[in-house]
Amino acid sequence: MCGIAGYIGNNMPYEKNIHNCLRSLENRGPDGSGIYQSTNHKNTLLIHRRLAIIDLEARSNQPFRL
């Protein structure tokens with residue numbers, strides 16, 4: 001099963017804390033990971049670990065980017 005974490009707030013978390021969170025999700029999926037950061041309106045952070053069972057294509061990695 002995949003793992004997802006997120007953050008929205010006034011200040012972006014420290015880089016060390018972001019990577020610690022990503023590392024804590026390692027058991028949720030060893031097949032891929034992603035970090036998306038946005039500072040447009042509020043500081044937004046999405047962290048994802050992927051477990052590829054059915055769709056093994058790299059195009060299915062997340063977080064998706066438009």
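As a reminder, the structure under discussion sits directly above these lines.
**Overview of the nonpolar core**
As a rule of thumb, nonpolar side chains are buried together in soluble globular proteins.
Inference 1: With six residues, the main nonpolar core is built from Ala 5, Ile 18, Leu 22, Leu 25, Leu 45 and Ile 47.
Inference 2: If we ignore the near neighbours within four places in the chain, the residues touching Leu 45 are Ala 5, Gly 6, Tyr 7, Met 12, Pro 13, Ile 18, Ile 35, Tyr 36 and Gln 37.

**A look at the environment of Ile 47**
Inference 1: Structurally, Ile 47 is set in strand β3 (residues 43-50).
Inference 2: On the basis of relative accessible area, Ile 47 is assigned to the buried category, the value being 4%.

**Topic: the side chain of Arg 49**
Inference 1: Following the sequence through the fold, Arg 49 ends up in strand β3.
Inference 2: Of the side chains bearing the opposite charge, Glu 26 lies closest to the buried Arg 49, which forms no salt bridge; the N-O distance is 4.7 Å.
Inference 3: One polar contact links the side chain of Arg 49 to the main-chain carbonyl oxygen of Gly 29, over a distance of 3.0 Å.
Inference 4: Apart from the residues within four sequence positions on either side, Arg 49 is in contact with Cys 2, Gly 3, Leu 22, Leu 25, Glu 26, Gly 29, Pro 30, Gly 32 and Ser 33.

**Notes on the sheet that holds strand β1 (residues 3-9)**
Inference 1: Judged by pairing direction, the sheet is antiparallel, and its three strands sit side by side in the order β1-β3-β2 without closing on themselves. If you trace the sheet from one side to the other, it starts and ends with β1 and β2 (32-38), each paired once. The mean inter-strand angle of the sheet, taken between neighbouring strand axes irrespective of direction, is 5°.
Inference 2: By the bridge criterion, seven bridges tie β1 to β3 in an arrangement that is antiparallel. Residue pairing in the sheet places Ile 8 in a bridge with Thr 44 of β3.

**Thoughts on the environment of Ser 24**
Inference 1: Tracing the backbone shows Ser 24 in helix α1 (residues 15-24).
Inference 2: Using a relative accessible area of 52% as the deciding quantity, one classes Ser 24 as exposed.
Inference 3: Among the polar contacts listed, one links the side chain of Ser 24 to the backbone oxygen of Cys 21, at a separation of 2.6 Å.

What counts and how
Residues numbered from 1 in each chain as written. Predicted model: local features only at pLDDT ≥ 70, side-chain atom pairs only at ≥ 80, totals over all residues. Heavy atoms only, no water. Core = buried A, V, L, I, M, F, W, Y, C linked by side-chain atoms within 4.5 Å. Buried < 20%, exposed > 50% of the residue type's maximum accessible area, 1.4 Å probe, protein only. Contact = heavy atoms within 4.5 Å. Helix = DSSP H or I, 4+ residues; strand = E, 2+ residues; numbered from the N terminus. Lys, Arg positive; Asp, Glu negative; His and termini not counted. Salt bridge = Lys/Arg side-chain N within 4 Å of Asp/Glu carboxyl O. Polar contact = N/O pair within 3.5 Å; in protein donor to acceptor, adjacent residues only side chain to side chain. Pairing = 2+ DSSP bridges. Axes fitted to C-alpha atoms, helices over the stretch in contact; angles between N-to-C directions.

Worth remembering: the numbers are spatial, not functional.
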